[in-house]
Amino acid sequence: MDRVSAFDEPLKKLLGGATAKVMAEHLDLHTVGDLLHHYPRRYEERGQLTALADLPLDEHVTVVAQVADARIMVFNNGRGKRLEVTLTDGSGRLQLVFFGHGVHKPHKELLPGRRAMFAGKVSVFNRKMQLAHPTYQLLDTADADEATEAVDAFAGRLLPIYPACKQLDSWRIAKAVDTVLPSARNAVDPLPLPLREGRGFTPLPEALLKIHRPQTKADIADARDRLKWDEAFVMQVALARRRYADTQLPAVARRPGHGGLLDAFDAKLPFTLTEGQEKVSKEIFDDLATEHPMHRLLQGEVGSGKTMVALRAMLAVVDAGGQAAMLAPTEVLAQQHHRSITEMMGELAEGGMLGGSDLGTKVVLLTGSMGMAARRQALLDLVTGEAGIVIGTHALIEDKVQFHDLGLVVVDEQHRFGVEQRDALRSKGKQPPHLLVMTATPIPRTVAMTVFGDLETSVLDQLPAGRSPIASHVVPAKDKPHFLSRAWERVREEVGNGHQAYVVCPRIGDDADDEAEKKNRKKAAEKAAEEDGEKRPPLAVLEIAEQLTKGALAGLRIEVLHGRMNPDDKDDVMRRFAAGQVDVLVATTVIEVGVNVPNATAMVIMDADRFGVSQLHQLRGRVGRGSAAGLCLLVSEAHEASPARARLSAVAATLDGFELSRIDLEQRREGDVLGQAQSGVRTSLRVLSVIDDEEVIAAAREEAVTIVAADPDLSRLPELRTALAALLDKEREEYLDKG
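Everything numeric here is computed off the predicted structure, so don't read it as measured data.

## Examining the overall build of the chain
Per the secondary structure count, the chain includes 27 helices and 21 strands. In the chain, which comprises 739 residues, the proportion classed as buried is 53%. Looking at the chain alone, contacts between residues at least 24 apart form 73% of all its contacts between residues at least 6 apart. Working note: accessible area of the chain is about 33,100 Å², and carbon and sulfur atoms make up 51% of it.

Printed below as a string of structure tokens:
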């Protein structure tokens, strides 16, 4: 059998239908190659006990532990039996429970002092960690036959613990791996020989053997180093090829003329650009001057001045005779951008209008909910070239929208395009337009090199002068209700000092919302019953606004804002809030991006534990935008020792978005960097950590660029092509295209 087909062999042939079916359905493992790349999550040493104190809730785990005691409990007037077993190690205790007819065998076998491997899903009952009906394998049984097998398999060895599922324990996966391990000899090595020898890597067949059946800890380290490189390198080659392909596309070079629109805009700026803005602008202008499309990611903290940098790029393109389009994820944000850009440009945004500048251009807004007349005029301004700049939602991509000469597309908030959308926009330009993607969510460098690896990256890490510090505090509403009362007093104090405040809630609280909530509630109730009693639904904007109006903030001017309001009403509320006619805005996360009200100094986030770290950081960035200091209060009922509270404390402790994005990534785990992190989807990153392996990723990127530049089609590297084909199955290739 040749090397490729050995790895493509279906598991059914080697393991039998039943096992193969479980592997396919629950672990997404279909072939010999899939199983050989299903690496152990960790290794136990013979007799070493797991830290029971660190078990993750709701996960399927395998532990090696000792029985402390076992007792049968009788309930239901003697009709029901329950076996409770307590496991122990140095760090903590864990309860096992067996019910009904399932109590007899474990009652005979799980005697105090016995050591065994146990596998099951960790849950909480009566505030104690437990495994219900776990499977187990004794490691020091007195039964001679079983003892021989257990000792043969585990004595004196490093015991691989595999990512498992309820239907298939780690040790059954280990047996299946034993069956396919001889095929590792046929592994196709994706690393070119000079690279492999130059870096002193173990050959791939040997690395696979060492990761599954290590003799020593050095074997594991050796194998992981090699396999990390495979993952990083193959992925970086995929991204390098995408970047290379982009450089082969034609584009119109856009160089601004002297004394034009950009110079006129710069001359009227009331402040000087930061050093960072100057540097990033230069990178962008250099890209725009080339004859292939720019593909750049601009990341910067909330308030670091990204919009200013993007606007100057758009003006440069208009100067050079082209048009620029800015895509925003929501109508509120599109309207906000349109308002702030026309204000910044002044008479330069009134080209062709009475009182407008001769150098000016038209800036139009295009969203799905615009009236017919306004929409028709906007479309006309675009097709004639009258409008140099258009700001809108995805309505911009529709067939009806035609440009005179589209030169630049700016995408706000990392809503990157799918293949169809990118093609649709490209087809609107005479040649592919330049692309600038902006995000206010700080992205660790390694993630930028992987998730956004087909884009060049620019970072704005200075805040412009005049931004004020933001103090953040966690308000434990359940443990200390008086803290919440004090939070509302603080809001009153800020308003009393002439400032304004936001109150953010996770839910709207209208009919459509309630329907969705009912569906979610049933699920949540089942989960909550296992945990800590009934968990209430998330707090809602409409309810909280009513409570505050009648209670803690009575007498203040309170308004609501959420995504299901009529666009004109939303715009009206935002205008009045910006003009200082509203004291407190109770809103959903529609205010998360782009909303700029320098007079707003306080924010109270209700049920803050229901938001992600990056989202909390984004929301907090809405205050402290003027000369007065900002205050952000994170209200939560989460238990003090819970991961949710730890997350909130991390947000309160630092304003560094890059540090927070790292924490966020560590908590969420990487998921599938090349595909959505859906549970059950096999991850393409098994040993490579996007958090910890920055040096590996950076080095792999350099090697990949060199190799792709010399041989874009990889015609001299058939093994690497095979590995790429395996990584970029259809779903992942589409994801890479969508970005």
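So, next bit.
## Describing the pattern of salt bridges
Under the counting rule described, the total for this entry stands at 32 salt bridges. The residue Glu703 makes a salt bridge to Arg199 at a minimum N-O spacing of 3.2 Å. With Glu703 in helix H25 (residues 694-710) and Arg199 in the loop between helix H8 (193-198) and helix H9 (204-212), this pair connects stretches of sequence that are 504 residues apart. Taking relative accessible area as the criterion, Glu703 reaches 24% and is therefore assigned partly exposed. Close ionic contact of Glu559 with Arg576 constitutes a salt bridge, the shortest N to O distance being 2.9 Å. Placement of the pair is Glu559 in strand S18 (residues 558-561) and Arg576 in helix H21 (residues 567-578), with a sequence separation of 17 residues. Judged by relative accessible area, Glu559 falls into the partly exposed class, the value being 24%. Relative accessible area serves as the criterion here: at 23%, Arg576 is assigned to the partly exposed category. Because the salt bridges share partners, they merge into one network encompassing Arg486, Glu489, Arg490, Glu493 and Glu494.

## Looking at the sheet that holds strand S20 (residues 600-605)
Taken together, 6 strands build an open sheet; the order of strands is S16-S21-S20-S17-S19-S18 and the sheet is parallel. In the strand order of this sheet, the two ends are held by strand S16 (470-476) and S18, each with one partner. Between one strand axis and the next, the sheet turns through 20° on average, direction left out of account. Pairing of S18 with strand S19 (residues 584-587) involves 4 bridges; the strand directions are parallel.

## Some remarks on the side chain of Asp571
Relative to the assigned elements, Asp571 resides in helix H21. For Asp571, a relative accessible area of 15% corresponds to the buried category. Excluding residues within four positions of it along the chain, Asp571 makes contact with Gln335 and Arg339.

## Concerning the pairing of strand S11 (residues 362-366)
Counting buried positions along S11 gives 5 out of 5 residues, so the element sits mostly inside the fold. By the alternation rule, side chains of S11 split into Lys362, Val364 and Leu366 and Val363 and Leu365, which are all buried. Pairing analysis gives 5 bridges linking S11 to strand S12 (residues 387-392), with the strands arranged parallel. Paired with Val363 across the two strands is Ile389, which belongs to S12. Tracing the backbone out of S11, into helix H15 (residues 372-384) and back to the parallel element S12 gives a crossover that is right-handed.

## Digging into the side chain of His499
With respect to the helices, strands and loops of the structure, His499 is situated in the loop between helix H18 (481-496) and strand S17 (500-504). One polar contact links His499 to Asn599, side chain to side chain, over a distance of 3.0 Å. Ignoring any residue separated from it by four or fewer positions in sequence, one finds His499 in contact with Glu494, Asn599, Thr601 and Ala628.

## Section: the environment of Ala334
Structurally, Ala334 can be placed in helix H14 (residues 331-345). Given a relative accessible area of 0%, Ala334 falls into the buried group. Counting along the chain gives 57 residues from Ala334 to Ile391, while the straight-line C-alpha distance between them is 6.2 Å. Setting aside residues up to four positions removed in sequence, Ala334 forms contacts with Ala328, Leu365, Thr367, Ile391, Gly392 and Thr393.

## A word on the packing of aromatic side chains
Summed over the entire model, instances satisfying the criterion amount to 5 aromatic pairs. Seen in terms of ring centroids, Phe98 and Tyr136 are 6.4 Å apart; in terms of plane orientation they differ by 80°. Their pairing is edge-to-face. Note that Phe98 is positioned in strand S4 (residues 93-99) and Tyr136 in strand S7 (residues 135-138), a separation of 38 residues in sequence. As far as burial versus exposure is concerned, Phe98 and Tyr136 are alike and both buried. Taking 5.1 Å as the distance between ring centres and 55° as the angle between the ring planes, the aromatic pair formed by Tyr502 and Phe577 counts as tilted. Of this pair, Tyr502 sits in strand S17 while Phe577 sits in helix H21, placing them 75 residues apart in sequence. The pair Tyr502 / Phe577 is uniform in exposure class, with both members buried. Members of the aromatic cluster, each reached through a chain of ring pairs, are Phe98, Phe118 and Tyr136.

## Quick look at the nonpolar core
Ranked by size, the top nonpolar core spans 38 residues in total, and within it Met314, Met345, Ile389 and Leu408 carry the most contacts. Counting residues per element, this core draws most heavily on helix H13 (residues 306-319), which supplies 10 residues. When sequence neighbours within four positions are dropped, the list of residues in contact with Met314 reads Ala324, Met326, Ile341, Ile389, Leu408 and Val410.

## Quick word on the sheet that holds strand S13 (residues 406-411)
Read across the open sheet, the 7 strands follow the order S11-S12-S10-S13-S14-S9-S15; overall the sheet is parallel. Two strands close off the open sheet at either side, each with one partner strand: S11 and strand S15 (456-460). Averaged over all pairs of adjacent strands, the angle between their axes in this sheet comes to 20°, without regard to strand direction. Most of the contacts of helix H12 (residues 275-288) go to S15, to which it runs at about 160°, and overall it touches strand S9 (295-300), S13, strand S14 (434-439) and S15.

Criteria and cut-off values
- Residues numbered from 1 in each chain as written.
- Predicted model: local features only at pLDDT ≥ 70, side-chain atom pairs only at ≥ 80, totals over all residues.
- Heavy atoms only, no water.
- Helix = DSSP H or I, 4+ residues; strand = E, 2+ residues; numbered from the N terminus.
- Buried < 20%, exposed > 50% of the residue type's maximum accessible area, 1.4 Å probe, protein only.
- Contact = heavy atoms within 4.5 Å.
- Areas by Shrake-Rupley, 256 points an atom, 1.4 Å probe, with all protein chains shown as cover.
- Salt bridge = Lys/Arg side-chain N within 4 Å of Asp/Glu carboxyl O.
- Pairing = 2+ DSSP bridges.
- Axes fitted to C-alpha atoms, helices over the stretch in contact; angles between N-to-C directions.
- Right-handed = clockwise from strand over helix to strand, strands pointing away.
- Polar contact = N/O pair within 3.5 Å; in protein donor to acceptor, adjacent residues only side chain to side chain.
- Phe/Tyr/Trp six-rings, centres within 6.5 Å; stacked < 30°, edge-to-face > 60°.
- Core = buried A, V, L, I, M, F, W, Y, C linked by side-chain atoms within 4.5 Å.

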